[in-house]
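Examination of the molecular architecture
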Amino acid sequence: MISMTRLRDDETARAIGRALLAWYVLHRRELPWRQSLDPYAVWVSEMMLQQTQVATVIPYFERWMQRFPDVATLAAAAESDVLHAWQGLGYYSRARNLQRAATRMVEHHDGRVPASINALRALPGIGPYSAGAIASIAYGQAEPLVDGNVNRVLSRLFALRGDPNRAPLKAAIWDYARALVSAAERAPGDFNQALMELGATVCTPRAPRCTSCPLAALCQAKKLDLVEQLPELPARAKATPVHMVAVVATRNACVLVGRLKADAPRWAGMWLFPNAEVKSGQTPEAAVRDVLFRTAGLRGSPSSIVCVVRHSVTRFRITLDAYRTLEPSGVARALSVAEIAWKSPMDLAALAMPAAHRIIAERVLSDSAGAGGS
Ligand code: SF4
């Protein structure tokens, strides 16, 4: 293993920087957020890329930049528009934090993304990784960043034992990342992106392509035959299956949806069909009746299945059965939600909905178009 002391004043750090930057020039992927160093674009892309694949982010990023091209536009937008632009990306607190941070930038930073690490860290949703990314990529500062890709590359490159997400290795990896970016002779932003790019495309979790790696000659894990064993991440918790129902209540060619309260633990402010987990010993039909009454004070029974949506939220593997309930009785009231509304299937498109409910809405729209055409 190469010690930190050695790395700080050793040619090794400079050699890593040179090899990585030369490789990056030839192999970097052309991504829309790499076409400029606009700090706002860098910030938006970094927030979108957290927990999300590059291919998924590209169309979201392009639409977002058209809709909210700068800090001031984002700060002034309605929250419902921001959530609508984010729908399907998941982890919606990222969208809310983007807007909160934009408001602070307007109030305290002349409507600009600040350059200093401390000012960045004081903004909602910007942690050490994002601050390092913005400072280095947009402002050319020799600030480190560590994400899952960097954890993996550095654990292998320096044959670091232990869990890189926990002390003491977590702090050590940040030290390595800082020493490396400080030694990169030019473009710390490019160096940081190169490190992440290597992790995403060459030093992958499974079957890393060591024979194509620009760092192969310097890699301690390769030398010690530890590549498959590093990084030492804990085994993933098994996914927990969850059975849920959603209710597509229909009346006068409209369907019932509710907007969640601002303090809802998940999907706050977004629109959903009434939904609930099917409790142990409960039938799906009973769960439908129960949630329709608790959400909107309506009484009705399921008549048919609209669709079944399978998706995952954190460690839960959810099967969501959407049931149609025709002409429920009573006057709809917002009991457990902020707002309840009857919407035509066409109007559902304008609402911000989480991905699973968007799938149901699209199915409702196609069913209604089919019924209208028959
Ligand atoms: S040689 Fe292999 S393990 Fe080492 S950094 Fe390169 S891809 Fe990763």
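All chains use their own residue numbering, which begins from 1 and follows the written sequence. pLDDT decides what is reported in this predicted model: residues at 70 or higher carry local features, side-chain atom pairs at 80 or more are listed and counted, and totals for whole chains, interfaces and linings draw on all residues regardless.

1. Notes on the overall build of the chain
The following threshold applies: Numbering of helices and strands starts at the N terminus; helices are DSSP runs of H or I of at least 4 residues and strands are runs of E of at least 2. As a rule, residues whose C-beta atom has 12 or fewer other C-beta atoms within 10 Å are exposed, those with 20 or more are buried, and those in between are partly exposed; C-beta atoms are placed from the backbone.
The helix and strand tally for the chain stands at 15 helices and 7 strands. C-alpha atoms of the chain, sized along the principal axes, occupy 75 × 50 × 40 Å. Residues classed as buried in the chain amount to 37% of the 374 residues present.

2. Describing the site of the ligand
The following threshold applies: We call a residue near a molecule or strand when the C-beta position, derived from backbone atoms, sits within 6 Å of it. Charged means Asp, Glu, Lys or Arg here, nonpolar means Ala, Val, Leu, Ile, Met, Phe, Trp, Tyr, Cys or Pro, and polar covers whatever is left, Gly included.
Residues in close proximity to the ligand total 14 residues, the closest being Arg-156, Cys-203, Cys-210, Cys-213 and Cys-219. Put simply, the parts of the chain that give the shell around the ligand at least two residues each are helix H10 (148-157) and helix H13 (220-223). Considering every element that reaches the shell around the ligand, the biggest residue donor is H10, with 3 residues. In the shell around the ligand, the residues fall into 12 nonpolar, no polar and 2 charged.

3. Re helix H6 (residues 79-86)
Note that an α-helix has 3.6 residues per turn; residues three or four places apart therefore point the same way. Filter applied, for reference: The directions from the helix axis to the C-beta atoms are what the arc is built from. C-beta atoms are placed from the backbone for every residue, and two residues are taken to be in contact when these atoms lie within 7 Å.
For H6, the set of buried residues is Val-82, Leu-83, Ala-85 and Trp-86. Projected down its long axis, H6 carries its buried residues within an arc of 160°, all on one side. If you follow the buried residues of H6, they end up packed against helix H4 (54-67) and helix H7 (93-108). Once H6 finishes, Gly-88 follows within two positions and takes phi at roughly 100°, a positive value.

4. What to know about the pairing of strand E6 (residues 316-326)
Note the following rule: The pairing criterion is simple: DSSP has to find at least two bridges between the two strands.
Note that strand E1 (residues 240-251) and E6 share 11 bridges and pair parallel. Along E6, the bridge assignment pairs Thr-240 with Phe-316. Across 9 bridges, strand E5 (residues 304-313) lies against E6 in antiparallel orientation. Directly across from His-311, in E6, lies its bridge partner Ile-318. In textbook terms, the turn of a hairpin is the stretch between consecutive antiparallel strands, and for E5 and E6 this stretch comprises 2 residues, one of which, Thr-314, has a positive phi near 45°.

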